[in-house]
Structures are given as structure tokens and as C-alpha cells.
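Okay, here's what each chain looks like letter by letter:
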Amino acid sequence: MEALESWMPLLTTLGKGALVIAAAVVVSIIFKALLVAVLPGEGAKVMRTAPLTASFGLFIILVYALAGIFAPWIAPYGEAEIVSTSFAPPDENLILGADQLGRDMFSRVIFGARNTVGIALLATSLAFLMGAVAGLIAATRGGWMDQVLGRSADVIMSIPSLIFSLLLLSIFGSSMFVLIIIIAIIYAPRVFRLTRAVAGDVVVMDYIEAARLRGEGLWYLIRKEILPNSKAPLIAEFGLEFCFVFLLIAGLSFLGLGIQPPTADWGSMVRDNATLISFGEITPLIPAAAISLLTVAVNFVVDWMLYRSSGLKE
Amino acid sequence: MTDASEHKDLLLKIRDLRIEGYSDESWVEIVHGINLDLHRGEVLGLIGESGAGKSTIGLAAMGFTRDGCRISGGSVNFDGIELTKQSKRDLRKLRGVRIAYVAQSAAASFNPAHKLIDQHTEAPVHYNVKSRVDSQEDAKELYEKLRLPNPQEIGFRYPHQVSGGQLQRAMTAMAMACRPDLIIFDEPTTALDVTTQIEVLAAIRDIVEQFNTAAIYITHDLAVVAQMADRIKVLLKGDEVEEADTATMLSSPQEEYTKSLWAVRSFRKPQKSRPEASSSEPPVVSVDGVDASYGKLKVLNDVSFDVYRGMTVAVVGESGSGKSTTARCITGLLPPTKGTIRFNGQELPSSYKNRTTDQLRQAQMIYQMADTALNPRIKICDIIGRPAQFYSGLNGAPLKTRVEELLDLIELEPSQYYNRYPPELSGGQKQRIGIARALAAEPSFIICDEVTSALDQLVAEGILKLLDRLQSTLDLAYMFITHDLATVRSIADEVVVMKEGRVVEQGPKDTMFTPPHHDYTDLLLSSVPEMDPNWLTQLLEERGV
């Protein structure tokens, strides 16, 4: 009996863990069935063959998107609103307790989805726009254009990204606009390299030669002939880069150079509440968990897309 | 060779073999109950179009199926062993030792990182058939039997250091390494030039005879199978059409389908001749003393020929002879280093970048591989519609009408194909779309680069007839690049023979096909397999090999 009791905490933890996983599986199955039912023809077929991890990932991303978009309506309090004493424990009003200034932790996590994810999305999109366009031009035109763009990308990539961003942020100040531009510049070369490689495989095809011989311009070649054939790996890469950008923003915020207070942001929330860890509280781990859950979810979806685009379907 | 006797022991017995393939989330039967008997020392030819299940059956004879396929019924009995019931481990012991496989592309099947002889000795050493030293000696012996040059040394080269025909023979030697009872040849000469094909065919036939090995010879080329096989089995869409001794099959095929296969090579169009010298009309395309090089390597040397309106000029030669390079010079993709290209008497800028839209429109191209020539992500209507829109500025309803007209012209039902994507079409249909795209520009000259060599014979004949019909209705000039002389015979008006970047001989087709020829033309012509089963034997005697 005594032996069993000493094992109880471990058993309950394991039990809870199993429960969470089971819940995740059930949610993914239901969500997948829902998507299959709702989506039209082709989409339903794609979803039916999708693995559970992919539908779980899609579900989490959807939840984050909804939380971000409808943050003011979902969150019970404002993100900068002081509603309690510092580090107040959770009660029926504050589901996750309060932070170091007495702001509602739950509301800030919700607003954090909007700020952190929103900025990461904007920065990644911008990086993709710059990188992909440059990559496509380099692959299609070749010659000196390829060299100039390629070497510029090498220069940016040769500087460690965190150091480079810290440097640029301390020069230009850390406003949200500057933050997005800097991150986009740092990540664009990676997109450039991938796009150039993928498009490089496409430009040697006979149909590109046929289009060139027809007298088509650069823009038509890129838009109609090359881009549709390089989309799949680019979309997958978007998901992956999004995770890196996201982690970089969280990291910068943790260092105090990213999103500035009182705007809620998961990275800085981890830092602000870090002291609580020594008292055995899990509060600082909640925004950290939000970061890792999204990263895992996005990677699940990206894995699935890579698998689909790689042609390894058997 | 031809007296396949019944009293030889039965080596392979396949009964009611059914194979399913996985597509669109369900299993579909692709081989519907095939029976097959093979005796020791006998060669069975499997022929049929692509999709007939030839390779699938060939692989099943080893107890193997490709990914996404499974044997769903029937039995494959190899010398008393039921292959469908063997474990993967037992099957693996059989393969390479008692059953061997020779693939279509030796270049793709050899590991480029290892020497030929090391790959040769791998199987015998692994299965403890021979020691490494014995096996190496044996390899050299086999190389000699297969008439590879320098048999003592050639094994120590890497695959990229020997030619395609030599590689295919080295692969046959490798299949022989453990003296298997059965070898499966899956289109071993399809990727080779006619002149190289002869050597490989002769080598394969000799060695199979010497070791009394049974073989299944898979091909789509009837003339080739006539040389190699004792018996022939004709397949269509996973069903057997008929089976008979080679001589019987060639002289009196029973089924309609077989007869149509036999008749394919009979298509001939009447030969047209050039307009009178007195008429002042210049040739549509005139290639005049063209030299070209890739970097420092000179690939074309003083190439000259003319293509007149409404006529077909066939450019023939082995791979590497500069046929396609000449086409690249005409289209302006590879500016010549010397010489000029004239179009209707007017000199063209050497690079396509400097040509006017109208000059570009006049010369169109049809490619060998329709798979890579059509963008898989663009709808048929846009693929065909784009040149019409680009050159004639058509849009909206007139454009739609024009595309439908073009689809009609290439004998594809517009309503059915208008909104589809290239991957949904068969090889022949894709090639037709490629033709429609060229026609959409309303050209006066079309370069056909090996347009039929990736297609089955029946489909290829359809394409040739279509091209011929289009030529007479639209008064087109064709430059027809090919290595297949049967195609030349059926469609050409004039022939240009190329070798190593030079024009060896040129003239009207009839003159070219009647002796005396230039030595090289003669070699090319005599190397084209004929349906006569004794052709190879006679030819080898004549050449004194």
C-alpha cells in the first residue's frame, strides 16, 4: 500500500499526460472528419489521406488564428489592464493568475497570439516576397544578375542572425516597423537560395525553352511557367521559416529588444515572469508552451506538405 | 534457335497471374490472369505497347512487384519453387543467383561511384558462389565473350568512362555472373542507337545460347524481338492477345491487334521534290555553312542544307552527331560561331533574343519528351491558347473558338480536353497538344525533334499521319530530327545524314535509300532491324563478325 502511495504522484502525472494525448488524438480525428465533410471535392480528397499529425497541426493553427483575430472579444481583460495584485494565484476570475504587475495572464496570452504571431507572419511574408522574387529573377535571368543577387545573399547569411538583428535594432531603435523590416532582410536570403534552387530545376525544362522561343518576357515566365511548378516546396519552406522568425522574435523580446511593453508578447512574458520558476510556479512556462505548441503544430503541417510535394507517396 | 522443343524441362510456369496497382485510393487490376511457360534455354519475347504490363509481368517472374503493386492471384512457379509464397529473404537469395535482371537504362542502373568489375563481383561473392578472384577472372572472360574491347582492363573503369552500348553489355555480363537459369531483359536496347544496338543484340544472343540460359525478352520493337526470341507473346492492357513461335507469329498473326502492330511500318507518303530551279521562291529555311560550339568543344562543322515549303527534311544520325544542336542553331538558342541561317531568303539574327516576334512565330518546335515540353500546371486551353493570344492578340470568345479549332485539327474532342491538365493525358495525346501549340502560332516551319521516339509504334504512326495531313493542308515545312530510319522512310522527302557534327550525305529520300551510299549511310541503313528472323544472323555474316 505504502509503495503504491509513493508512486501516486508519478502515476497521476503519467495519467494526465496520457489524457492530454488522447484528447489531442480525439480532437484531430474530429477535426479531420469535419474538414473532409466541409471542404469541396479536391480539398476533401487531400484531407482524407492526411495523417493525424497534420490535422492536429491545422487545428492548433486555426485556434491560434481565431485567438489572434478575435483577441479583444475573447480576452476577459485588456492586455495592459492591471486587474489584481502582482503574481496573484489563479482563481475563478483569473484562470491563469496574474503577472508581475497584476495583469491577467490569460488575456495577455491571447493578445500575445495577435502580436507575436502577427508580426512573425508579416515579417515572414515580407522575407518571402523579397527572397522569392529575387530567387526567381536570378534563376530565370542567370548571368551577372544571378551573381549579384547570390553574392549579396551570401553576405547577409555570413553574419549570425541574432547578432545581426541585435546590431541593427540598436542602431535603428526597436519599433515594430523596424523589427519587421530587419527580420525580413535577415531571412530573405534563405528563401532566395531555396527559390533559386527550385526554379533552377524548372528553367531547364523544354516548356520554358518553348516559352522563351515564343518571345515571352521575364515576368510572364516567372509568373505563369516557373512559379506554379515551384510552389509546393516554397509553401513548405514558408511554414518552416515562420517558426524560425517566430522564435527569433520571441528571443529578441526575451532580451528586451523585440516588441516593447506594455504590448503583450510571449517572449517578454517568459522573461518578466521568469523569477516565479524558482517558487515552483508554472506561470512563465505558459507563454513558452504557447510558443512551442505553435512551432510543433506548424512543423506537423510542413512535414505533411513536404511529404506531399516530394512525390514519395507510396 | 527456332525449334523450341517441348521435351526441354520446364523452368518457369506462370498460371493465372493477376497483379493489382494502387491508384486513386483503391486497388485496380492491371494484369488479368496471364499464363506463361518457359523452358530451359528458351527465349520468350514479350511485346506490347506501354501499359500492356510487359515489365510488370517480367518483374513478377522474379517474384517482385514495384512499389504500389501487388500480386493478387495466380502462381509463379520457378523450377519447383512457388515464388508468390516465398519470404522476401528467400526470394533475395534467388535473385541475382538463379534469376537475373537487365534493365533498360544501364547508365541509370550502374552505381556511378564503383568500378564495373566491383559491381560485377558483388553478387557472386555475397552469395558465396565464387571467390572474389575467381569472379574477377570470370568477369574478364564474360567481357571477352560479349566482345567488349580490351576485356582485361575495361572492368576497372567507372560506368561513365564507357559508352552506352558497352555499359549495356557489361550489365548483361553482370547478370551472367552467377550463371543464372533465367534472365529477364527489360528493353535492353531501346535507349541505344541502331548501330550500337546490333552489337548488343548479337552479344546477348550469343551468350544466352552458349550458357543455355532461359530468357524473357521484353521490348516494344517487333523487329528486335524477331531476332531474339524463340516464341513471342503479344500483350495488350494486361491481357494476352496471342502466343506463337516467332516464325509463325511473323508470317501469320491471328488476331486483329497483332496484325495492326505488324502493319505499322507500312505507312508511306509519296515523295515530293523541290520546286523547279527556275522558280525564284527561296527555301523556307536555309542553313548555310554553320559552325557551332559548346564552350571550346566544336560540335557543328560547316553544316548546310535547305528546307523548301511544304517539304520534310529528315536529319538522321547517331546520338552526338549534332542533329539537335543544328535545331538549336536554327531556333537561335545556340548562336552559331560561323555561317548564317536564312528564313525565306532573309538572314536571321543569330540569337533568338534579337529576333522579331514575327520571326519567332514563323519557326516552331515540337519536342521529343512531351512530358517536359508541356507545363504540367497549365491547362490545355491555356497551353494552346497562349501562342494564339501572344502572336495574334486573340482574347475571350475568338480565342476559345481558335483553341477548339486547333483541338479539332489534332483530332482531340475539344469539350473533353479543353479544361484538363497535361498529366491527365496519355503520351500520344500530350504529343498532339505539343503539335497544337506549335500550330497555334501559324508557323511556316516546324522542327520536330524525335517526336515519335518516346511513343509506342501504333501511337507514333498516328502522330506521323497527323503531321503529314497537317503538312498538306497548311503547306508546312518540317525539319524532322530522328535516329529511326523507319520514320524517315515513311515521312521524309529529303534526307540529311549527319555524323560527328558534319553532313555526310544529303539528297532526296529515294536516292538516299538506294545504293550506292556513303559508307556511314550504309552502316546506318543496314543496322535497322528487319522483321525477318534471320536478319541479324545474315547481317553478322556479311559484316564478317
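Fair warning: this is a prediction, and the values are worked out from it, not measured in the lab.

### Topic: the domain arrangement of chain B
Residues and elements named next belong to chain B.
Reasoning step 1: In terms of domains, chain B is made up of domain 1 (10-262) and domain 2 (285-525).
Reasoning step 2: For domain 1 versus domain 2, the separation of C-alpha centres amounts to 35 Å.
Reasoning step 3: In this complex, domain 1 contributes eight residues to the contact, which on the side of domain 2 involves eight residues.
Reasoning step 4: For the side of domain 1 that touches domain 2, the elements supplying multiple residues, two or more each, are helix H8 (194-210) and helix H11 (256-263).
Reasoning step 5: A class-by-class count of the residues in the side of domain 1 that touches domain 2 yields two nonpolar, four polar and two charged.

### Topic: the sheet that holds strand E12 (residues 297-307) of chain B
Residues and elements named next belong to chain B.
Reasoning step 1: Taken together, four strands build an open sheet; the order of strands is E12-E11-E14-E15 and the sheet is antiparallel. Each end of this open sheet is capped by a strand with a single partner; those strands are E12 and strand E15 (346-347).
Reasoning step 2: Two elements, strand E11 (residues 285-294) and strand E14 (residues 338-343), share five bridges in a ladder whose sense is antiparallel. Pairing of Val285 across the sheet is with Phe343, part of E14.
Reasoning step 3: The strands touched by helix H12 (residues 323-331) within the sheet are E11, E12 and E14, with E11 carrying the most contacts at an inclination of about 110 degrees.

### Some points on the packing of helix H5 (residues 105-141) of chain A against helix H8 (residues 176-203) of chain A
All names here are of chain A.
Reasoning step 1: Here H5 crosses H8 at 35 degrees, and the two axes come no closer than 5 Å. Between H5 and H8 lies a crossing of right-handed hand.
Reasoning step 2: Of the residues contributing to the contact of H5 with H8, the split by class is 24 nonpolar, six polar and two charged.

### Focus on the domain arrangement of chain A
Residues and elements named next belong to chain A.
Reasoning step 1: Domains assigned within chain A are domain 1 (1-42) and domain 2 (50-310).
Reasoning step 2: Placing the centre of domain 1 and that of domain 2 at their C-alpha centroids yields a distance of 28 Å.
Reasoning step 3: Listed as interface residues are eight residues of domain 1 and, on the opposing side, six residues of domain 2.
Reasoning step 4: A per-class count over the side of domain 1 that touches domain 2 returns six nonpolar, one polar and one charged.

### Some thoughts on the interface of chain B and chain A
Reasoning step 1: On the chain A side, the residues contacting the 18 residues of chain B number 13 residues.
Reasoning step 2: Counting residues per element, the ones that place at least two in the side of chain B that touches chain A are helix H13 (357-362), helix H14 (370-373) and helix H15 (380-392) of chain B.
Reasoning step 3: Among the residues making up the side of chain B that touches chain A, the classes are represented as 11 nonpolar, five polar and two charged.

### So, unusual backbone geometry
Residues and elements named next belong to chain B.
Reasoning step 1: We note that Asp79 has phi near 50 degrees; this positive angle belongs to a residue other than glycine.
Reasoning step 2: One non-glycine residue with positive phi stands out, namely Asp302, at about 55 degrees.
Reasoning step 3: Within the secondary structure, Asp302 is located in strand E12.

### As for the confidence of the model for chain B
Interpretation of the predicted coordinates at a detailed level should be avoided for regions scoring low in pLDDT.
Reasoning step 1: Chain-level statistics for chain B give a pLDDT mean of 84 and a share of 97% at 70 or above.
Reasoning step 2: Of the regions scoring below 50 in pLDDT, residues 1-7 of chain B engages in 10 contacts with residues more than four places distant in sequence or in other chains.

### Details of the nonpolar core
Reasoning step 1: Within the largest apolar cluster, 155 residues are counted, with the highest numbers of intra-cluster contacts made by Ile183 of chain A together with Phe480 of chain B.
Reasoning step 2: No other element matches the 18 residues that H5 of chain A contributes to this core.
Reasoning step 3: When neighbours within four sequence positions are excluded, Phe480 of chain B is seen to be in contact with Thr312, Val313, Ala314, Val315, Cys448, Ile491 and Ala492 of chain B.

### Describing the pairing of strand E4 (residues 69-78) of chain B
Residues and elements named next belong to chain B.
Reasoning step 1: Bridging between strand E1 (residues 10-23) and E4 involves eight bridges; their strand directions are antiparallel. Note on E4: the bridge partner recorded for Ile14 is Val76.
Reasoning step 2: Here E4 pairs with strand E5 (residues 81-82) via two bridges, running antiparallel. Paired with Phe78 across the bridge in E5 is Ile81.
Reasoning step 3: Following E4, the chain reverses through two residues before pairing antiparallel with E5; Asp79 in that reversal takes a positive phi of roughly 50 degrees.

### Some points on the pairing of strand E3 (residues 43-47) of chain B
Residues and elements named next belong to chain B.
Reasoning step 1: Most of E3 is tucked away, with five of its five residues classed as buried.
Reasoning step 2: Along E3, one buried face is formed by Val43, Gly45 and Ile47 and the opposite face, lined by Leu44 and Leu46, is buried too.
Reasoning step 3: Of the strand pairs in this sheet, E3 and strand E8 (residues 214-219) are connected by five bridges, and their pairing is parallel. Along E8, the bridge assignment pairs Leu46 with Ile218.
Reasoning step 4: As judged from the four bridges shared by E3 and strand E9 (residues 231-236), these two strands associate in the parallel manner.

Conventions we followed
- Residues numbered from 1 in each chain as written.
- Chains lettered and ligands numbered in written order.
- Predicted model: local features only at pLDDT ≥ 70, side-chain atom pairs only at ≥ 80, totals over all residues.
- Domains from an automatic or database assignment.
- Contact = placed C-beta atoms within 7 Å.
- Helix = DSSP H or I, 4+ residues; strand = E, 2+ residues; numbered from the N terminus.
- Nonpolar A, V, L, I, M, F, W, Y, C, P; charged D, E, K, R; others polar.
- Pairing = 2+ DSSP bridges.
- Axes fitted to C-alpha atoms, helices over the stretch in contact; angles between N-to-C directions.
- Left-handed = near helix turned anticlockwise from the far one by under 90°.
- pLDDT = per-residue confidence, 0-100.
- Core = buried A, V, L, I, M, F, W, Y, C linked by C-beta atoms within 7 Å.
- Buried ≥ 20, exposed ≤ 12 C-beta atoms within 10 Å, placed from the backbone.

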